[in-house]
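For reference, the chains in residue letters:
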Amino acid sequence: MTRAAVLGSGSWGTAFAKVLADAGTDVTMWARRDELASTISDKHENTDYLPGISLPTSISATSDPSTALDGADIVVLAVPSQSLRANLAEWTESIPADATLLSLAKGIETGTLLRMSQVIAQVTGADPSRIASLSGPNLARPIAEGQPAATVIACSDSRRALEIQKSCATGYFRPYTNTDVIGCEIGGACKNVIALACGMASGVGYGENTLASIMTRGLAEIIRLGTALGASASTLAGLAGVGDLVATCSSTLSRNRTFGERLGSGGSMESAQKAAHGQVAEGVKSCTSVRALAESYDVEMPLTEAVHRVCHEGLSVPDAVGHLLGRRIKPE
Ligand SMILES: NC(=O)C1=CN([C@@H]2O[C@H](COP(=O)(O)OP(=O)(O)OC[C@H]3O[C@@H](n4cnc5c(N)ncnc54)[C@H](O)[C@@H]3O)[C@@H](O)[C@H]2O)C=CC1
Ligand SMILES: O=C(CO)COP(=O)(O)O
């Protein structure tokens, strides 16, 4: 039986642990707090992040990372992007030598501008062939409720991608494999920034034409950046690109879209942050790193630029809209 350690017990870590267990994988979760680990083990519910969802009784949880990692074939990294490096530094010693490392995080590290698989390779010293990324239209709660969805597992080693695919395929969760780790990670990180922009537009009161225009032009800038970094455009036209972009930009369950909506309807960064109740809206930090990454590759990303300026330079949403529409007109 495949054994997985899921490190991080937020909404997606918990929902994905349920998927793994439903697929017949032996799962141990790690939670930062003892209290949450005990609740998951004893009450089979994550009352903090996925209240009302019954977890399989086979899932156990611990606040001791070495207990969770003991004998793991697959190590699922489910903490927010900006905390991955510090957490990994503590976990590296206990990670089994041949385990596959699977990142669920959708962000680009600030400062280093590294993708999550690059951070994992740097901190753990693992060969890139052991590192995989999972990304797609996967809002946590509907998946935990068993609503059908598909995803992409990207790994340069197809054997490892297949191993993960088998460990999480269920009657409601359909994983596809891919070898394009860059495309998968860029799609996942960048769509959060575009979802912030859609939220802002929606908060102002704009409707479907505006949102569809932002999604489509957002995809154009994601493809520009992805292909400059070596991603395949077809990955970005698939589940980890268009699929996730549509789900996140359209859903009121998205933390990024909701965060943007609060800003668009006149809320401050502080109030939007407070209203998120500790849940991470990755795009708020990644807009800055994606923008810097694009700049270093001489790639134009006007929507990302606008989101960065609203979140971090005090630009108002109406002024950001004015700047975007005031740009030079050009062919599509
Ligand atoms: N929630 C969702 O629907 C989806 C989330 N993701 C991605 O999964 C990653 C994790 O997100 P969620 O599970 O949604 O998180 P969440 O926002 O529900 O919860 C954050 C989790 O990370 C923990 N955490 C926060 N700061 C930490 C730190 N410094 N060290 C260790 N743990 C820390 C919290 O205790 C909590 O368990 C993110 O990159 C997110 O973009 C991907 C797909 C779906
Ligand atoms: O990545 C997600 C869906 O695929 C979740 O998006 P949010 O982090 O905006 O909730």
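How each quantity is defined
- Residues numbered from 1 in each chain as written.
- Chains lettered and ligands numbered in written order.
- Predicted model: local features only at pLDDT ≥ 70, side-chain atom pairs only at ≥ 80, totals over all residues.
- Heavy atoms only, no water.
- Near = heavy atom within 4 Å.
- Polar contact = N/O pair within 3.5 Å; in protein donor to acceptor, adjacent residues only side chain to side chain.
- Areas by Shrake-Rupley, 256 points an atom, 1.4 Å probe, with all protein chains shown as cover.
- Helix = DSSP H or I, 4+ residues; strand = E, 2+ residues; numbered from the N terminus.
- Nonpolar A, V, L, I, M, F, W, Y, C, P; charged D, E, K, R; others polar.
- UniProt positions renumbered as here; feature names shortened; annotations may be inferred.
- Contact = heavy atoms within 4.5 Å.
- Domains from an automatic or database assignment.
- Buried area = accessible area lost by both parts, 1.4 Å probe.
- Salt bridge = Lys/Arg side-chain N within 4 Å of Asp/Glu carboxyl O.

**Student:** Which residues make up the site of ligand 1, and what are the values?
**Tutor:** As a matter of local geometry, ligand 1 sits amid 22 residues, with S11, W12, A140, V280 and E282 nearest to it. The separation between an oxygen atom of ligand 1 and a polar main-chain atom of A140 is 2.8 Å. Separating an oxygen atom of ligand 1 from a backbone N or O atom of V280 is a distance of 2.9 Å. In isolation ligand 1 exposes 830 Å². Once the protein is present, 87% of that is buried. Mapped by element, the contributors of at least two residues to the shell around ligand 1 are α1 (11-22) and α4 (81-91). Looking at the shell around ligand 1 element by element, the count peaks at three residues for α1. Here the shell around ligand 1 is built from residues that sort into 10 nonpolar, eight polar and four charged.

**Student:** Let's hear about the UniProt feature "binding site: substrate" (unreviewed entry) in the chain: which residues, and what values?
**Tutor:** The sites that carry the UniProt feature "binding site: substrate" (unreviewed entry) are, in the present numbering, K106, R255 and N256. A maximum C-alpha distance of 12.5 Å among these annotated residues, which run over 151 residues, shows that they cluster at one spot. When neighbours within four sequence positions are excluded, K106 is seen to be in contact with S81, S135, G136, G188, A189, K191, N192, D244 and E282. When you line up the elements, N256 lands in helix α12 (residues 255-264). Residue contacts for N256: discarding those within four places in its chain leaves N192, A195, L196, A281, E282, G283 and V284.

**Student:** Any chance you could break down the domain arrangement of the chain for me, citing the residues and the numbers?
**Tutor:** In terms of domains, the chain is made up of domain 1 (3-179) and domain 2 (183-326). Taking the mean C-alpha position of each, domain 1 and domain 2 sit 24 Å from one another. If you look at the interface, domain 1 gives 27 residues, while domain 2 gives 26 residues. For the domain 1 and domain 2 pair, buried surface summed over both sides reaches about 2,100 Å², with 67% attributable to carbon and sulfur atoms. Connecting domain 1 to domain 2 are two salt bridges. Across the pair E185 and R115 runs a salt bridge, and its minimum N-O distance is 2.8 Å. Connecting domain 1 to domain 2 are eight residue pairs in polar contact (both at pLDDT 80 or more).

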